[in-house]
Amino acid sequence: MMPSSKRGTRWAGHRANVRRTLALSMLSAVLLPACGEEESGFDASNPTAGPGSLVGRDSPLNTSFAGGPSGDTAARAVDDPDWQVCDAECQAYCAAQNFPNPVDEALCPALWGAGFDTRPFVETETCRRLYGDLLGRFPTHAEVLSDCAEQDLGAVALRLIQSDDFVLLGRRRWADILSYNNVAVNLERIYDMDGLAKKLFEGRVRYDEFVEVVSAHPVLVRRFDNAGDRVGALFDVFVGRPPFDNERADIARLYHLWFNGYYDHPNLGIRLPDSYIEHRCTKQEENGRELPSDELGRVDENTAGACTSVLWGYNRVVLEPDYRSLDNLTWVGNLTKQEWQLLQTPGRIIGKWPEVWEEAANDVLELYLGYDVGHSVPYVTQLLVEYVLEHGGDIRAAHYAVVTSQAYRQTTTCDDSTCDPDSKPPRWTYGALRQADPELWVDSLRHLMDRGTQHCEHRIPAPRQLLESSVVGYDVVNASMWRIGDDDQVDMRYANLLKTLGGCPDNEVSGRFKAVSILNTATQEGFANSLCNPALVQGEGVDASLLLPSGVTPRSEISPELAARILDHQVGTFFSRAPVPEEVTMAETGATACVPKPCTAESFGRVMCYALASSAEMLFY
Amino acid sequence: MNTRGKLPARRLGRRSVLGLGAVTGAALSFPHVWVPRPALAQSSGRGAVKHLIYIRLSGGFRFPTAFNGDVDSQFNPFGLAGGVPSGVSWGVSQLLEGGEYLNQEASEGEEAPRIALRSAHELADRITVMPTVDHEPLAARADGNHETGLERFLTGFVGGGAGIFTRIQMGLRARYDEALLAGEVVLPSFVMGSSGMARGLGEFSPYRPPVLGGASFDQFVAVGEGPPEWSSAFVSETDRRMRDRQHPRLRETVDAYLRTREATEAYSEIFSSQALKVDEESDEMIDGVSNSELRTLFGNSGESRSLRLALRLFHYGSPAVYLDQGGYDYHSDEEGNLPDAMQNVARMISALIAVLPAMPHPAGGTYWDHTLVAIGSEFSRTANGNRFNSARGSDHSGDNATRWMSMPFFGGAVRGGRIVGASTRRDDLGAEGKVFSYRSVMNTLMDGLGCEPDAFFPGDPVVPDLLGG
């Protein structure tokens, strides 16, 4: 528990203090079983330690959400629609609709009330989008028909939001936002932060509680070098803008105590980067100045201003050193709940700001709609925030409201005769077509092709050093979502595929990205090729039975009728829908064109598989 | 955006756009117009380099233990190498000396390796070191923070808008224009490590180079292993239908994907070539050396694989390859681990110096003449006045030991054995001489590659005597 960075001459006068703390620290192992959790209770399968474990409820804030999908709304008859103008008639029209969904209600003045209309609701398309966004994989057509179509979409959305898959997606999103990296931060803190994110998406912590804990979480503060940068990071994550100079200067005082040090982990056998509290703004013996023992370490009113924020009330963050401190530093593993709460003052301040809630609401809107509707129509943000607050600050309410809104549910399709290519309607008058995340694309294909589930472990993006550190380190990796191969190394094939496509970020500097590029496309085609094996390379590809309707043997000679059946099976598998007539024609023509003759169901099915799995419809949803 | 005056932007044809997209490997809509003009020479080494290999020693590397070894033991506890060639000015550390990789003798009945490796310390006269490269020479202290230090390394700044390799691609856009007009396929730069090197925001976004995870093209469809010819309509028709069904305002996104699919066909031959299958044993001579020989020379580690692939990508015109090597964040047991880890670095250096002169380059001379190798890290390390910290490792803070990145360079454009920029005092690592910023060094690499100056970091001069001369 010794910080590696000695403070040199500045600490030369602290011998008395050091002697005292050394002696007392020997007692700490006995006296602090609740705080010194690592030594006695390290659990390789869940090595979590930090402030996230100190908050949260046993049961969710909400078991259901009010509102849900609105009925179909007609556009008001307007001669010259302008979404930026909503006159009295428009206001009255929207007020009369009585929308159950806050997004629909807020969009009405810029949509139906202003004379525009949304695109129709295509059930299979919406179901596919819902599964992709809330489960992280696309469904089969059979799944859509049995679990989604012709059902209450609100109930479907609720079921998916309450699933473990949705929680995992949320955890991964916060891993991206906070750039989890076990080279830069003690992995126990990362596990703790991940546990907190899990509670958020299980509805067991309010969003403002979450903000509070994250604001002073080592995962956030340990990655930055000074107090000002930590304020910048806090604002970037939660406020959505850089701090103004006065804000930075003021809140930086509440980050004055954080110190980046290292911790020799007794179980893992390696030195981990970790946070310490430096007991600044307390009375210290400096420059030969001696202090009475009862004054040493007490709050120094002469310097306490450096640890006090005054812009949003009088908030002071000072911790007096005691037997736990060494060299005037206290390791965060030894902090009490009350001390964590004091350190979380920055989050408690900004957690009350409307713009923090607005930023959270806008993030959810952009996540599912793919564009920033909150900036164009701020009323959407406002009503969404109110909706979340009505649900006790449960951020899942925002997710529910957005995915059940008409802006989300409407189709992305429209032919030229209906939608004039030269017109520029507001973005919310047609559906949200987005590029699938690398994980969504790969995991869907793996799932649909029965290749099992695999994950990148977002809590340990750099597993190698940990794996090689000690038996316990090996156990941590082995118990994580990484797979260890027969050679005792982490199997990185899945991760490397994702990394090439922009997923599975290591979070050293850059994180996740989405790109349409030659390299990505070639990689995607290669992956689809490896699954489908259209060239019929011996021993390659998935089992042919997966590509064919039940009852069809791979050696069956292809015919137009059989081709149509195979198409129906595969379009259902990959695109979660039934084929359109054009596709049937394509399949029937293909059955005739297929060579060498006689073409079999397998050879035809593998080609079809490649065409569908590598297609734009698999990548955009 | 026209960066060369007020000439109107030329609309590129569909095929042109495809080709350009292929070479940038990024956004395909590419409204740049290149109007040739005399480039302002930044140094005598301008344009002297056709290929760059840039290696990051990951996690913060304690540079004096390798490349600035003639300092107090609190900075280099391992001491100096013996038998260094005469005339070498920089301190060659003992950790560059010897190694198991030198003991590869031919088995009975086999011929001795055609290209022999020598100990890295014996090659010190081929290597020049800048002992005091600094993130911010005007700053009061070093940036020893993992996140911000690495961000500076990859992008030049904290919050930099473009990775170094994105800048390189931007700076070389005229070269790709020319290749496009000549109907040639030229590969872009590749990033085989942290994707931050390929960051590209705003005006830089069209130039993001591809990030290659796993340093392999194995996942690409090889010629003959893809769908049969008769089925090509299946693929194109499936995509076209999807695209045409979308709302007109959404089709552009899908179009970009469809264009890359067409362009991918043009690259399939390269991606599936035997040359890029660097893991397969092959005696076929490519640029004067076979893949089997490269494997023998470089070994089979992840980074050696990346290096072998880099040499093959250069064959297809790629100007630069970036890779991450190792993990040097040794807060504990650096004393025990670093000597072994350094063997990998020494082997890379030794193998590159051995093989590059043996590879004829299509432009004349050898790859040695046209290639520059640079090695860096996000920061150096400190033991705070001791040989090691209490865990026999080292840390990183704000002091000089953390501050100076002592970067080695070698290749035909670099006269070896020298120190460029400020040297350091033995006892406190105080700088003596001109300290150059890291951005200056990156500008120098770009200058060597012949990048247009508008891709450079403004305000950071090119290091005048690193390249050329």
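Quantities reported herein were computed from a predicted structural model and do not represent experimental measurements.

Quick notes on the rules
Residues numbered from 1 in each chain as written. Chains lettered and ligands numbered in written order. Predicted model: local features only at pLDDT ≥ 70, side-chain atom pairs only at ≥ 80, totals over all residues. Heavy atoms only, no water. Helix = DSSP H or I, 4+ residues; strand = E, 2+ residues; numbered from the N terminus. Areas by Shrake-Rupley, 256 points an atom, 1.4 Å probe, with all protein chains shown as cover. Buried < 20%, exposed > 50% of the residue type's maximum accessible area, 1.4 Å probe, protein only. Contact = heavy atoms within 4.5 Å. Lys, Arg positive; Asp, Glu negative; His and termini not counted. Charge placed at Lys NZ, Arg CZ, Asp CG, Glu CD. Salt bridge = Lys/Arg side-chain N within 4 Å of Asp/Glu carboxyl O. Pairing = 2+ DSSP bridges. Buried area = accessible area lost by both parts, 1.4 Å probe. Disulfide = S-S within 2.5 Å. Polar contact = N/O pair within 3.5 Å; in protein donor to acceptor, adjacent residues only side chain to side chain. pLDDT = per-residue confidence, 0-100. Core = buried A, V, L, I, M, F, W, Y, C linked by side-chain atoms within 4.5 Å. Axes fitted to C-alpha atoms, helices over the stretch in contact; angles between N-to-C directions. Left-handed = near helix turned anticlockwise from the far one by under 90°. Nonpolar A, V, L, I, M, F, W, Y, C, P; charged D, E, K, R; others polar. Expected span 1.5 Å × (residues − 1). Arc of directions from axis to C-beta. Phe/Tyr/Trp six-rings, centres within 6.5 Å; stacked < 30°, edge-to-face > 60°.

**Student:** So what exactly am I meant to see when it comes to the overall build of chain B here?
**Tutor:** Within chain B one finds twelve helices and ten strands. For chain B, the exposed surface amounts to about 16,600 Å²; the carbon and sulfur share of it is 48%.

**Student:** Can you help me understand the overall build of chain A in this one?
**Tutor:** In terms of regular secondary structure, chain A is built from 29 helices and five strands. Seen along its three principal axes, the alpha-carbon backbone of chain A occupies a region of about 95 × 70 × 40 Å. Here chain A holds 621 residues, and the buried ones make up 60% of them. Within chain A, residue pairs in contact and separated by at least 24 positions form 72% of the contacts whose partners lie at least 6 positions apart. Distance between charge centres in chain A, computed from 56 positive and 88 negative side chains, equals 6 Å.

**Student:** How do you make sense of the environment of Leu257(A) when you look at a structure like this?
**Tutor:** Residue and element names in this part refer to chain A. Assignment of secondary structure puts Leu-257 in the loop between helix H13 (245-252) and strand S1 (258-264). Taking relative accessible area as the criterion, Leu-257 reaches 0% and is therefore assigned buried. Considering only alpha carbons, one finds Leu-257 and Asp-225, 32 residues apart in sequence, at a separation of 12 Å. Residues in contact with Leu-257, not counting those within four places in the same chain, are Tyr-276, Ile-277, Glu-278, Arg-280, Cys-307, Val-317, Val-318, Leu-319 and Leu-343.

**Student:** What's the story with the pattern of salt bridges in this structure? I'm lost.
**Tutor:** When charged atoms on two side chains of opposite charge get close, those side chains can pair. With the rule as written, the count across this model stands at 63 salt bridges over all chains. Salt-bridge contacts for Glu301(A) lead to Arg316(A); the nearest nitrogen and oxygen are separated by 2.8 Å. Within this pair, whereas Glu301(A) is found in the loop between strand S2 (271-278) and strand S3 (308-309), its partner Arg316(A) is found in strand S4 (residues 315-316), the two being separated by 15 residues in sequence. Between Glu136(B) and Arg152(B) there is a salt bridge whose closest N-O contact spans 3.4 Å. With Glu136(B) in the loop between strand S2 (127-133) and helix H2 (146-155) and Arg152(B) in helix H2, this pair connects stretches of sequence that are 16 residues apart. Among the residues examined, Arg152(B) registers a relative accessible area of 17% and is labelled buried. One connected set of salt bridges, linked through shared partners, spans Glu582(A), Glu237(B), Arg240(B), Arg243(B), Asp244(B) and Asp255(B).

**Student:** Which parts of the structure should I look at to understand helix H3 (residues 164-171) of chain B?
**Tutor:** An α-helical turn contains 3.6 residues, so any two residues separated by three or four positions project in the same direction. Counting buried positions along H3(B) yields eight of eight residues, so the element is predominantly enclosed. For H3(B), the set of buried residues is Ile164(B), Phe165(B), Thr166(B), Arg167(B), Ile168(B), Gln169(B), Met170(B) and Gly171(B).

**Student:** Explanation requested: the pairing of S2(B) in the structure shown.
**Tutor:** Residues and elements named next belong to chain B. The buried count for S2 comes to seven of seven residues, which makes it a mostly enclosed element. Pairing geometry for S2 and strand S8 (residues 405-411), over five bridges, is antiparallel. Bridge pairing in S8 links Val-133 to Met-405.

**Student:** Explain the side chain of Ser194(B) here, please?
**Tutor:** The topology assignment puts Ser194(B) in the loop between strand S3 (190-192) and helix H5 (232-245). Take Ser194(B): its relative accessible area is 0%, and that puts it in the buried class. Not counting residues up to four positions away in its chain, the partners in contact with Ser194(B) are Asp506(A), Glu508(A), Arg56(B), Leu154(B), Tyr322(B) and Asp324(B).

**Student:** Sorry, what's going on with the interface of chain B and chain A here?
**Tutor:** When the parts of a complex come together, some accessible area is lost, and that lost area is often used as the size of the interface. Contact with chain B, which involves 72 residues of that partner, is made by 74 residues of chain A. For the pair chain B and chain A, the two sides together bury roughly 6,200 Å², of which 61% comes from carbon and sulfur. A per-residue breakdown of the area chain B buries against chain A is headed by Trp230(B), Phe234(B) and Tyr257(B), which together make up 12% of the total. One can count six salt bridges joining chain B with chain A. Taking the shortest distance from any N to any O, the salt bridge between Asp395(B) and Arg271(A) comes out at 3.8 Å.

**Student:** Which parts of the structure should I look at to understand the side chain of Arg409(A)?
**Tutor:** Residues and elements named next belong to chain A. The residue Arg-409 is located in helix H20 (residues 406-409) in this model. Buried and unpaired, Arg-409 has Asp-104 as its nearest opposite-charge partner, separated by 4.8 Å. Setting aside its immediate chain neighbours within four residues, Arg-409 contacts Pro-69, Ser-70, Phe-121, Thr-126, Arg-129, Leu-153, Val-403 and Thr-404.

**Student:** What is the right way to read the state of the cysteines from this model?
**Tutor:** One covalent bond between the sulfur atoms of two cysteine residues makes up a disulfide. All names here are of chain A. Per the stated rule, a full pass over the model turns up eight disulfides over all chains. One disulfide in the model links Cys-281 with Cys-307; its S-S distance is 1.9 Å. On the sign convention where negative is left-handed, the bridge of Cys-281 and Cys-307, at about 80° about the S-S bond, is right-handed. Of this pair, Cys-281 sits in the loop between S2 and S3 while Cys-307 is found in the loop between S2 and S3, placing the two residues 26 residues apart along the sequence. For the pair Cys-281 and Cys-307, one class covers both residues: buried. Here Cys-414 connects covalently by a disulfide to Cys-419, the sulfurs 1.8 Å from one another. Linking Cys-414 and Cys-419, the disulfide has an S-S dihedral of approximately 90° and is accordingly described as right-handed. Taking the relative accessible area as the measure of exposure, Cys-414 reaches 2% and is therefore buried.

**Student:** When you look at the environment of Thr48(A) in this model, what are you seeing that I'm missing?
**Tutor:** Residue and element names in this part refer to chain A. With respect to the helices and strands, Thr-48 occurs in the loop between helix H2 (37-41) and helix H3 (88-97). Judged by relative accessible area, Thr-48 falls into the partly exposed class, the value being 32%. Taking the C-alpha atoms as reference points, Thr-48 and Ala-95, 47 residues apart in sequence, are found 50 Å from one another. A polar contact of 3.3 Å, which involves the side chain of Thr-48, links it to the backbone nitrogen of Asp-192.

**Student:** How do you make sense of the confidence of the model for chain A when you look at a structure like this?
**Tutor:** Predicted coordinates in areas of low pLDDT are best not read in detail. Here chain A averages 91 in pLDDT, and 93% of its residues register 70 or above. In this model, residues 1-39 of chain A is a region of pLDDT below 50 whose contacts with residues beyond four sequence positions or in other chains number 67 contacts.

**Student:** Just checking my understanding: could you explain the nonpolar core for this structure?
**Tutor:** In globular proteins that are soluble, nonpolar side chains generally tend to be buried together. Residue and element names in this part refer to chain B. Grouped together as the largest cluster of nonpolar side chains are 114 residues, with contacts concentrated most on Tyr-54, Phe-67, Phe-165, Ile-168, Val-355 and Phe-409. The element that contributes the greatest number of residues to this core is helix H9 (residues 334-355), accounting for twelve residues. Excluding residues that lie within four positions of it along the chain, Phe-165 makes contacts with Leu-52, Tyr-54, Ser-189, Phe-190, Val-191, Met-197, Pro-209, Ala-320, Val-321 and Tyr-322.

**Student:** Mind showing me how you'd approach the packing of helix H7 (residues 291-298) of chain B against helix H8 (residues 302-315) of chain B here?
**Tutor:** Each pair of packed helices can be described by the angle between their axes along with the distance between the axes. Residue and element names in this part refer to chain B. Two elements in contact, H7 and H8, have axes separated by 10 Å at closest approach and are oriented at 140°. Once H7 is placed against H8, the crossing between them reads as right-handed. In this structure, H7 contributes Asn-291, Leu-294, Arg-295 and Phe-298 to the contact, and H8 contributes Ser-304, Leu-307, Arg-308, Leu-311 and Arg-312. Here the residues of the contact of H7 with H8 sort into four nonpolar, two polar and three charged.

**Student:** What is the right way to read the pairing of strand S1 (residues 51-57) of chain B from this model?
**Tutor:** Successive side chains on a regular strand alternate, one facing one side of the sheet and the next facing the other. All names here are of chain B. Among the seven residues that make up S1, seven are buried, leaving the element largely enclosed by the rest of the structure. Neither face of S1 is exposed, since His-51, Ile-53, Ile-55 and Leu-57 on one face and Leu-52, Tyr-54 and Arg-56 on the opposite face are all buried. As paired strands, S1 and strand S6 (residues 320-325) are joined by six bridges and run parallel to one another. What sits directly across from Ile-55, in S6, is Leu-323.

**Student:** I would appreciate a short explanation of helix H27 (residues 581-593) of chain A in the present structure.
**Tutor:** Given a rise of 1.5 Å per residue, 13 residues ought to cover 18 Å, and the 18 Å separating the end C-alpha atoms of H27(A) matches this to within 8%. When we look at burial in H27(A), the residues that qualify are Glu583(A), Met586(A), Ala587(A), Gly590(A) and Ala591(A). With its buried residues spanning 140° around the axis, H27(A) presents them on a single face. Across H27(A) from its buried face, at more than 90 degrees, point the exposed residues Pro581(A) and Thr592(A). On the buried face of H27(A), the contacting elements are helix H26 (560-575) and helix H28 (601-613) of chain A together with H5 of chain B.

**Student:** Before we go on, may I ask you to explain the packing of aromatic side chains in this structure?
**Tutor:** Aromatic rings in a pair are described by how distant their centres are and how their planes are angled relative to each other. Residues and elements named next belong to chain A. Under the criterion given, the structure shown has 33 aromatic pairs over all chains. Between Phe-210 and Phe-238, the ring centres sit 6.4 Å apart and the planes meet at 85°, which makes this aromatic pair edge-to-face. One end of the pair, Phe-210, is in helix H10 (residues 207-215); the other, Phe-238, is in helix H12 (residues 227-239), and 28 residues separate them in sequence. Phe-238 carries the same exposure label as Phe-210, and that label is buried.

**Student:** Which parts of the structure should I look at to understand the sheet that holds S2(B)?
**Tutor:** Hydrogen bonds between backbone atoms are what pair the strands of a sheet, whose relative direction is either parallel or antiparallel. Residue and element names in this part refer to chain B. Taken in spatial order, the six strands line up as S2-S8-S7-S1-S6-S3 in an open sheet, and their pairing is mixed. Bordering the open sheet on either side are S2 and S3, each of which pairs with just one other strand. On average, each strand axis in the sheet is tilted by 15° relative to the strand beside it, whichever way the strands run. Relative to strand S7 (residues 371-376), S1 runs parallel, the two sharing six bridges. Within the sheet, the bridge partner assigned to Tyr-54 lies in S7 and is Ala-374. Across the face of the sheet, H2 comes into contact with S1, S6 and S7 while running at roughly 175° to S1.

**Student:** I tried to follow the sheet that holds S1(A) on my own but got confused; where do I start?
**Tutor:** All names here are of chain A. In space, the three strands of this open sheet follow the order S1-S2-S5, with antiparallel pairing throughout. Each of the sheet's edge strands pairs with one partner strand only, and the pair in question is S1 and strand S5 (329-331). On average, adjacent strands in this sheet sit at an angle of 45° to one another, irrespective of strand direction.

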